[in-house]
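Here is what each chain is made of, one letter per residue.
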Amino acid sequence: MSALRDLEIGAMMWMVRDTVARIKSLGVHCGQLGVAGDVTLDSATAQAWKDELKKQDFTLVTCFAGYNGESYADIPTVQRTVGFIPPETRAEREARTLELSDFAAALGVKSIACHIGFVPADETHPDYVAVKAMVRRVCDHAARNGQTFALETGQEPAETLLHFFKDAGRPNLGINFDPANMILYGTGDPIEALGVLAGHVISVHAKDGDWPPKDVPGALGTERPLGQGAVGMERFVAKLKEIGYKGPMNIEREIEDMEQRYADMAMGVKLLEKLRA
Ligand code: MG
């Protein structure tokens, strides 16, 4: 596979929804692969992906887990349904995360990641305690596969995540920093947050968005094409350079309209090329 440059431009793609060839046509040759909870992860699927990645000379840096039953409709729904936090789906999602780790290992991917959900600030909260133990078990499994495990940012303030991160205390635990999520969930200024989490960021999303409307309680902000939201991509890329981050910047765009999504991502590639120069 071709070597990646510092701050290589990549894309966050999804299994089934995207093909490597389509993503590559945006002008990138690395990225992260999201895998929804209902996708079958057998050895034939792993072999097909491995062959395709080789054929396209495309490097996957992370496999991302999505889970059955998750909904990002609004903040209360995210709290109730996303990641490791809901107790009733915890065992099933842990098993799925380990399965994804093994699938990623078969593809030669060195990192897995997911949204673990809203971590409570109170470290004695039963959800905090249970999720910390779960994160440790996932880390230990990933370590046996030679992988890091990255927590996606956004749903709690940087200080809360950092405290949880240090408390979980696993050497292969990292952070996937998403600047737009900090804005969409109204949790804080993403550039400040990046400074707080700096030493632990092992992968990033390049995503943009606007703050939630003040008059609708529980509403999420709106995702925007790169450069058109409140993140300030110039500030973001400058801060990545300042903290010494050298991994890829994975453009993420989550709208339903696929052609618009690809057009926005291609525009994002051009913007980042300018900013990383
Ligand atoms: Mg993201």
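Scroll up a little and you will see the structure.
Keep in mind that this is a model prediction, so the values were computed, not measured. (Residues numbered from 1 in each chain as written. Predicted model: local features only at pLDDT ≥ 70, side-chain atom pairs only at ≥ 80, totals over all residues. Heavy atoms only, no water.)

1. A look at the pattern of salt bridges
Thought 1: The full count for this structure, using the stated rule, is 17 salt bridges.
Thought 2: For the salt bridge of Arg-261 with Asp-18, the shortest nitrogen-to-oxygen distance reads 2.8 Å. In this pair, Arg-261 is assigned in helix α10 (residues 258-276) and Asp-18 in the loop between β1 (9-14) and α1 (20-24), connecting sequence segments 243 residues apart. Across this residue pair, the class does not change: Arg-261 and Asp-18 are buried.
Thought 3: Taken together, the shared-partner salt bridges connect Asp-178, Lys-207, Glu-252 and Glu-254 into one network. (Salt bridge = Lys/Arg side-chain N within 4 Å of Asp/Glu carboxyl O. Helix = DSSP H or I, 4+ residues; strand = E, 2+ residues; numbered from the N terminus. Buried < 20%, exposed > 50% of the residue type's maximum accessible area, 1.4 Å probe, protein only.)

2. Quick notes on unusual backbone geometry
Thought 1: The phi angle at Leu-7 is positive, at roughly 50 degrees, despite the residue not being glycine.
Thought 2: With respect to the helices, strands and loops of the structure, Leu-7 is situated in the segment before β1.
Thought 3: Here Leu-7 falls in the buried class, since its relative accessible area comes to 6%.
Thought 4: One non-glycine residue with positive phi stands out, namely Val-16, at about 80 degrees.
Thought 5: Tracing the backbone shows Val-16 in the loop between β1 and α1.

3. Quick notes on the coordination of the magnesium ion
Thought 1: Taken together, the protein ligands of the magnesium ion are Glu-152 (OE), Asp-178 (OD), His-205 (ND1) and Glu-252 (OE), with distances of 2.1 to 2.2 Å.
Thought 2: All donors of the magnesium ion come from a single chain, and their spacing in sequence reads E-x25-D-x26-H-x46-E. Linking Glu-152 in strand β5 (residues 148-152) with Asp-178 in the loop between β6 (173-177) and α7 (179-184), this pair joins segments that are 26 residues apart in sequence. Pair check on accessibility: Glu-152 and Asp-178 agree, each one buried. (Donors = N, O, S within 2.8 Å, 3.2 Å for Na, K, Ca; no water.)

4. Remarks on helix α6 (residues 158-168)
Thought 1: Every buried residue belonging to α6 is among Ala-158, Thr-160, Leu-161, Leu-162, Phe-164, Phe-165 and Ala-168, and all of these are buried.
Thought 2: In the stretch just after α6, Gly-169 is the one whose phi turns positive, near 55 degrees.

5. As for the environment of Leu-194
Thought 1: Mapped onto the elements of the fold, Leu-194 is located in helix α8 (residues 190-197).
Thought 2: What makes Leu-194 buried here is its relative accessible area of 0%.
Thought 3: When the C-alpha positions of Leu-194 and Val-35 are compared, they lie 26 Å apart, and in sequence the two are 159 residues distant.

6. Looking at the sheet that holds β5
Thought 1: Here we have 8 strands rolled up into a closed barrel, ordered β1-β2-β3-β4-β5-β6-β7-β10, and parallel in their pairing. Pairwise comparison of adjacent strand axes, ignoring direction, gives a mean angle of 30 degrees for this sheet.
Thought 2: Lying on the sheet, α8 is in contact with β6 and β7 (201-206); it crosses β6 at an angle near 165 degrees. (Pairing = 2+ DSSP bridges. Axes fitted to C-alpha atoms, helices over the stretch in contact; angles between N-to-C directions. Contact = heavy atoms within 4.5 Å.)

7. Comments concerning the nonpolar core
Grouped burial of nonpolar side chains is what soluble globular proteins tend to show.
Thought 1: By size, the foremost hydrophobic cluster in this structure holds 82 residues, and its most contacted members are Ile-23, Phe-84, Ile-116, Val-135, Phe-149, Phe-177 and Phe-236.
Thought 2: The biggest single contributor to this core is helix α5 (residues 126-144), with 7 residues.
Thought 3: Beyond its immediate chain neighbours, meaning those up to four positions away, Phe-236 contacts Phe-177, Pro-179, Ile-191, Leu-194, Val-204, His-205, Ala-206 and Val-231. (Core = buried A, V, L, I, M, F, W, Y, C linked by side-chain atoms within 4.5 Å.)

8. Details of the packing of α5 against α6
Think of two packed helices as two axes; the pair is described by the angle between the axes and how far apart they sit.
Thought 1: At a minimum axis separation of 10 Å, α5 and α6 run at an interaxial angle of 55 degrees. Relative to α6, the element α5 lies oblique. For the pair α5 and α6, the crossing hand works out as right-handed. Seen from α5, the contacting residues are Tyr-128, Val-131, Lys-132, Val-135 and Arg-136; seen from α6, they are His-163, Phe-164, Asp-167 and Ala-168.
Thought 2: Here the residues of the contact of α5 with α6 are counted per class, giving 5 nonpolar, 1 polar and 3 charged. (Parallel < 35°, antiparallel > 145°, perpendicular 65-115°, else oblique. Left-handed = near helix turned anticlockwise from the far one by under 90°. Nonpolar A, V, L, I, M, F, W, Y, C, P; charged D, E, K, R; others polar.)

9. Some words on α8
Within an α-helix, residues lying three or four positions from one another point in the same direction, as the helix has 3.6 residues per turn.
Thought 1: Listed in full, the buried residues belonging to α8 are Pro-190, Ile-191, Ala-193, Leu-194 and Leu-197. Projected down its long axis, α8 carries its buried residues within an arc of 155 degrees, all on one side.
Thought 2: Of the surrounding secondary structure, the elements contacted by the buried residues of α8 are α6, β6, α7, β7 and α9 (233-242).
Thought 3: The distance from a side-chain oxygen at the start of α8 to the backbone nitrogen of Ile-191 is 3.3 Å, and the residue carrying that oxygen is Asp-189. (Arc of directions from axis to C-beta. Polar contact = N/O pair within 3.5 Å; in protein donor to acceptor, adjacent residues only side chain to side chain.)

10. Some words on the side chain of His-115
Thought 1: Along the chain, the position of His-115 falls in the loop between β4 (111-114) and α5.
Thought 2: Here the side chain of His-115 touches Gln-155 through a polar contact of 3.2 Å, side chain to side chain.
Thought 3: Apart from residues no more than four positions distant in its own chain, His-115 is found in contact with Tyr-72, Val-82, Gly-83, Phe-84, Glu-152, Gln-155 and Asn-181.

Remember, this is a structural readout, not a statement about activity or role.
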